[in-house]
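Chain residues, written in single-letter form:
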Amino acid sequence: MTQQRTLVGGSGQPPVGPATSAGHVLQLLRSSPAGYSRADLLDITGMARSTLYERLDALFAASLVYESMPLRSQRGRPPRAIRFDDRNKLVLAIEIGHTHASIHLLSLGRDIVASARLPIKISQPQEGVAGTVIEESLRLLDGRQPVGAGVGLPAPVDPLHRLGLERTVLAHWDLQRLQDVMEARLECPVLLENDARSMAVGEVREPLESLVAVKVSTGVGSGIIVRGALVRGAHGAAGDIGHVRIPEAAGLRCRCGRDGCLAAAASGRALLAEPELARYGTLRQLVDACGSDPAVRSAVTDAGRVLGRALAATVGTLNPGRIAVGGLVGVLPDFLGACRQQILDDAFEPSLVDLEVVSADSRTATAVGLCKLVEESLYAPERVEQLLAQRAG
């Protein structure tokens, strides 16, 4: 659906300027968990009373808003707050990785209601992987109907599907077909997004925060938030740092077919490819051995330094307030510590002021980010206006 594919990151702030439509009134109400009284809305929007009440009536009729507990009032009858109706609304968040898929059912309040994890092989045909994930999603839903679903993928995702996937792990997938099949089976709108960008959205703590979230697992990817807004780039490839060529990876062949990519030296796949670590069959086994095997610990530390050198340039370019490193490899203390120290050693001092380099919440950040993105897409002012027009027609 067009609204989903053209979604851009929002700040979570009230709309700038007066609200002129029911969609903008809803956006304003979504920005305040406590809600607003009718008098507050009149003051904030500057709309005529009759116009505002007409907008609210349409939102009430569509079950998009409700009246909650009375607000405090110094005199007279206390006014009731009007709130965005997020009650009993669920979002499905699906993280498709190289070897596993994680499925979470969340409330719009970002609480995880149920979760499942299942093995997959992303190298297999799309139909089989998607079918397995959909069946497990339906089992997890157990008859419940989500308002939408978000799918995090380990590859660049172009909102309009103009960007080719030929050099990615999803070269054999058709994202438009994937979206169509999932929407038909799940019976709800489906949003596709890069997994690292989704993690970045889930990591945001403040409305106008600037941060870089880096996921280091089988591959390497990142998501960029600038003053609360997700950066996707011209064709959805922003943050794809895993395929930036670096001197440390010279002569190393990347999965994309090129030599010298960051992912060829600092990813889980790169660690498993080292001859002295070949005895570990899976990335999970290698990660679990980091505390007891000096060879694993040394390789993980070296990989962290390599990523740190690459991120030092990002710090100088974007001047984020925080770098959150997640993923199966990224959260390892030896990896994160080496990465942090290398950034401090290499980046220009002014860009390091108050910079935090911390572990990301890899368990929930991507799911929470997908939930946020689905909500922003579903309740964008333009989409709300279309919904209300359809109901009126």
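Residues numbered from 1 in each chain as written. Predicted model: local features only at pLDDT ≥ 70, side-chain atom pairs only at ≥ 80, totals over all residues. Heavy atoms only, no water.

The chain goes by Sugar kinase in an unreviewed UniProt entry, where it is assigned to Pseudarthrobacter polychromogenes. Under Sequence similarities (unreviewed entry), UniProt gives the following word-for-word description of the chain: "Belongs to the ROK (NagC/XylR) family." (UniProt positions renumbered as here; feature names shortened; annotations may be inferred.)

Student: Can you break down the nonpolar core residue by residue, with the values?
Tutor: Grouped together as the largest cluster of nonpolar side chains are 44 residues, with contacts concentrated most on Val214, Leu307, Ile323, Phe335 and Ile343. Among the secondary structure elements, those contributing two or more residues to this core are strand E8 (211–216), helix H8 (263–266), helix H10 (283–288), helix H11 (294–318), strand E11 (322–326) and helix H12 (333–346). Residues Leu28, Met199, Leu370 and Tyr379 belong to the second largest nonpolar core, which totals 43 residues. (Core = buried A, V, L, I, M, F, W, Y, C linked by side-chain atoms within 4.5 Å. Buried < 20%, exposed > 50% of the residue type's maximum accessible area, 1.4 Å probe, protein only. Helix = DSSP H or I, 4+ residues; strand = E, 2+ residues; numbered from the N terminus.)

Student: Which residues make up the pattern of salt bridges, and what values do they have?
Tutor: Between side chains of opposite charge, a pair can form as their charged atoms come close. Under the counting rule described, the total for this entry stands at 17 salt bridges. Across the pair Glu375 and Arg30 runs a salt bridge, and its minimum N-O distance is 3.0 Å. Note that Glu375 is positioned in helix H13 (residues 365–378) and Arg30 in helix H2 (residues 22–30), a separation of 345 residues in sequence. We classify Glu375 as buried; its relative accessible area is 7%. Its salt-bridge partner being Glu67, residue Arg38 comes within 2.6 Å of it at the nearest N-O pair. (Salt bridge = Lys/Arg side-chain N within 4 Å of Asp/Glu carboxyl O.)

Student: Any chance you could break down the sheet that holds E11 for me, citing the residues and the numbers?
Tutor: With mixed pairing, the 5 strands of this open sheet are ordered in space as E10-E9-E8-E11-E12. Sheet topology places strand E10 (229–231) and strand E12 (356–359) at the edges, where each strand pairs with a single neighbour. Recorded for the sheet is a direction-independent mean angle of 25° between the axes of neighbouring strands. (Pairing = 2+ DSSP bridges. Axes fitted to C-alpha atoms, helices over the stretch in contact; angles between N-to-C directions.)

Student: Hey, could you go over unusual backbone geometry for me, with residue numbers and the actual values?
Tutor: Even without a glycine there, the phi angle at Ser63 is positive, about 60°. Among the structural elements, Ser63 can be located in the loop between helix H4 (49–61) and strand E1 (65–70). Its identity as a non-glycine residue notwithstanding, Asn88 has a phi of 60°, on the positive side. Summarising the element assignment, Asn88 is placed in the loop between strand E2 (80–84) and strand E3 (90–96). With a relative accessible area of 79%, Asn88 lands in the exposed category.

Student: Give a description of a nonpolar patch on the surface that names residues and reports values.
Tutor: A surface patch of nonpolar side chains, amounting to about 180 Å² of accessible area, comprises Val226, Val231 and Leu318. Within the secondary structure, Val231 is located in strand E10. (Patch = residues over 30% accessible without salt bridge, like charges linked within 9 Å, V, L, I, M, F, W, Y side chains within 5 Å. Areas by Shrake-Rupley, 256 points an atom, 1.4 Å probe, with all protein chains shown as cover.)

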